[in-house]
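# Report on the structure
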Amino acid sequence: MAAKLANIYEALLRKYGQKYTITYKMPPTYINNIIGVDENQEKILLFYIEERCNPKVADSVSPSKINIKKNKKTDLNLTGSPLQDDCEVDTIDDDVDIPMNLICAKPWKLDEEWHKGITLENARGIICSPSFQLCPAARQSVGSVWFLCLPHDVKKTLLLQYEFTSKGNFSRGIVHYIGLISAKAITTQSLLKNHFFAVGVERTCIETHIENIYQIKNNITIRCSWSTVSPLPPLIDLSTCDVILNQTFRADSCHPLTEDFFNQLLILISIREDILSFKKSQDSDIIREPVYRCGIGIEISEIRETINKAMLEMAEFLPTHCTDSDIEDVIQSAKLRRLNDLTDNLWEILKRCSSYKDLKLAFNVLFQSAARSNIVNTPANKNRLAEIITEISNRRLAIPCLSGSEPLELLLEIGLEKLYKDYEYIFVESKICSSNDLRNKWARKDHKEDEAAILNVRKSLRNAVFQPENAAVRKTLLQNDRKASNDQDDLVGLKNSNFDEIESAKTLEKLFQIHCTLEHVIMIHINLNLSNAYYEIFDQLLRRAPRTIDQIHDRSIDEIQISLSAHYVRDQLQGKDPHSRRISITSSDKFRQVKSTFYFNMSNICPPNILEMTNFEEQMLTKENMYYHWLYRKIIS
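These numbers come from a predicted model, not from an experiment.

What follows covers the overall build of the protein. When helices and strands are tallied, the protein shows 19 helices and 13 strands. Partitioning the contacts of the protein with sequence separation of at least 6, the portion at a separation of at least 24 is 73%.

Structure representation (structure tokens):
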């Protein structure tokens, strides 16, 4: 549909492009807010004037991307060297995402502050001209053309809409800014009266769609919506409405309790990047050793002592259940719990090495310790490092000499397994789900796979080991789609590492998805306390397709929309005024259809260039709950 609208875009751009700015893209935020996203799901044509010199919006348009650390000292001395810059700049990058704490909370995008309307007379002149409605390109065009107008008329007309339809019907829309209105003044009777005043006569076939959005936090909203054919529908109904919870999580704003887990994930991603970087350098003429850049530093003497202690100390296999199922207490317990398996302990020790040289030396210390002593804490995990330690301890394998990226590969494997156990402990002990539930959600379900293939998913991470080439391929929790065997796979003998580029990427993607799920559950726990809905939320979030490995970084944003039952939020929302409301009344007969959309918002959704508010109106907002009010009327005949 959108492609057909491109036909008239070229014709309009040639004729009016010198005088107006014409864009062909998805609707701006202020149009979507007023008329609803469902009304405009495709690209639109938008006429407006771009104005970049308005001093009223200059300060808010270009927030600095430079994060300046403020000095606590107050120094009024303005003298100094012009060659010296006392500001400590964290980042200066036009391509990176702007942190949320540097952007004022506004309901529009920054580039929309340059939008300025054209005169209403000019907009109507273009719409009514035969060259616009009857041009050859218009005959095959389907979609909406919008004109942003200066609201200087009595009715404060903001937008005009002309819609090209495949059936050749007449379809026009108009948006007015009505002004401020008290929350108590919004009644069904007043809205119906307004609608039928424009229609002329009361029609049969009336349908009303109501959408109320409650703002819990800046990044949390609850949308309650429903449709009815009742002649006098209630404007708030928390019993049978459809509820959608919208949340946004930013990776640079983790909950303090979960920062350590996300940092572990970033370390694992960094280790994998170093491995791949080294493997690519092997194909070139430049010979260099791998890099390890994540450790905070540890002395070799301390490494030797902690490794010996971990290998010779009896593991406690008693269950370490948390006494309280409160998720915040469980997370704290997960950070402080005792690690029973040897390789989990080794991850905490080895990751602290400050360089690749120290890491390689630490592995050598580990293998020598395994060869000289009888291991009391036998590895239970089935990763490659656990196999090597067991074989060395049982005198069936000589001390291996790790080379290239093998130390990093062994460290990556045990780190992935340890981090998964952390998340498993949190979800199981907080009673959000069972261990089997998490494992089943962990296995990625391809839309091309049938149910029989899904049943072959392995149910235990502990048995996820490399299979010989001639063995039957078995799926594991990590959904190991191993690459086709290469020449190195045909070599006889044990490999020091089972690193797989694709497998490790999928594992990290799923771990990031689990972490985002944890963050969203914590946000819901703190702000809504919907403990009965945790499993339902957990189930929906882990069914989503995970991010690709390239999209995971400390500036990642995860936005979710979760459907909930109305009874979960009824008590929290009862008696509260929605932050925004959209009420659409549609009536029709055999000649035409009229739709009136009444949009109310406690905040102004239009940038200053589009709609300038007076100080008097802004002061009224502090007295009682008031709404900015817009009206969108659409006629189809």
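What follows continues from the structure just given.
Time to look at the packing of aromatic side chains. Using the criterion set out here, one finds 19 aromatic pairs in the structure. Between Tyr-628 and Trp-630, the aromatic rings sit 6.2 Å apart at their centres with planes inclined by 35 degrees, giving tilted as the arrangement. Its relative accessible area of 4% is what places Tyr-628 among the buried residues. The residue whose ring lies beneath Lys-43 is Tyr-24, and the NZ or CZ to ring-centre distance is 5.5 Å. Above the ring of Tyr-425, the side-chain terminus of Arg-337 is found at 5.0 Å from the ring centroid.

Further remarks concern the nonpolar core. Ranked by internal contacts, the top residues of the largest apolar core, which has 111 residues, are Ile-271 and Leu-564. Broken down by element, the residue count for this core peaks at twelve residues, all from helix α13 (residues 406–429). There are two domains that each give this core at least three residues, and those are domain 1 (5–52 + 105–211 + 580–636) and domain 2 (249–443 + 501–573). Excluding anything up to four places from it in sequence, Ile-271 contacts Tyr-292, Cys-294, Trp-347, Leu-408, Leu-411 and Leu-412.

As a further point, take the packing of helix α7 (residues 259–281) against helix α16 (residues 501–527). Put simply, α7 and α16 touch, their axes get as near as 11 Å, and they point 165 degrees apart. Accordingly, the angle class assigned to the pair α7 and α16 is roughly antiparallel. For α7 against α16, the interelement crossing comes out left-handed. Touching Phe-261, Phe-262, Leu-265, Leu-268, Ile-269, Arg-272 and Leu-276 of α7 are Glu-501, Ser-504, Ala-505, Leu-508, Leu-511, Phe-512 and His-515, all from α16.

Moving on, we get to the pattern of salt bridges. Counting across every chain of the model gives 27 salt bridges. A salt bridge links Lys-634 to Glu-39; the nearest nitrogen and oxygen atoms lie 2.9 Å apart. Taken together, the residues Lys-634 in strand β13 (residues 626–636) and Glu-39 in the loop between α2 (29–35) and β2 (44–50) connect sequence positions 595 residues apart. Of the residues examined, Lys-634 reaches a relative accessible area of 7% and is grouped as buried. Measuring nitrogen to oxygen at the nearest pair gives 2.8 Å for the salt bridge that ties Asp-274 to Arg-293. Of this pair, Asp-274 sits in helix α7 while Arg-293 sits in the loop between α7 and α8 (300–312), and the two are 19 residues apart along the sequence. Sharing partners across several salt bridges, the network here consists of Arg-337, Glu-348, Lys-351, Lys-418 and Asp-422.

Tracing the sequence through the fold places Val-229 in the loop between β8 (220–228) and β9 (242–250). Put simply, Val-229 and Thr-586 are 357 residues apart on the chain and 9.7 Å apart in space, counted from C-alpha to C-alpha.

Our focus in this paragraph is helix α17 (residues 534–542). For α17, the complete set of buried residues consists of Tyr-534, Ile-537, Phe-538, Asp-539, Leu-541 and Leu-542. Structurally, α17 contributes buried residues whose contacts are with α13, α14 (435–442), α16 and β10 (557–564).

About the thresholds
Residues numbered from 1 in each chain as written. Predicted model: local features only at pLDDT ≥ 70, side-chain atom pairs only at ≥ 80, totals over all residues. Heavy atoms only, no water. Helix = DSSP H or I, 4+ residues; strand = E, 2+ residues; numbered from the N terminus. Contact = heavy atoms within 4.5 Å. Phe/Tyr/Trp six-rings, centres within 6.5 Å; stacked < 30°, edge-to-face > 60°. Buried < 20%, exposed > 50% of the residue type's maximum accessible area, 1.4 Å probe, protein only. Lys NZ or Arg CZ within 6 Å of the ring centre and 35° of its normal. Core = buried A, V, L, I, M, F, W, Y, C linked by side-chain atoms within 4.5 Å. Domains from an automatic or database assignment. Axes fitted to C-alpha atoms, helices over the stretch in contact; angles between N-to-C directions. Parallel < 35°, antiparallel > 145°, perpendicular 65-115°, else oblique. Left-handed = near helix turned anticlockwise from the far one by under 90°. Salt bridge = Lys/Arg side-chain N within 4 Å of Asp/Glu carboxyl O.

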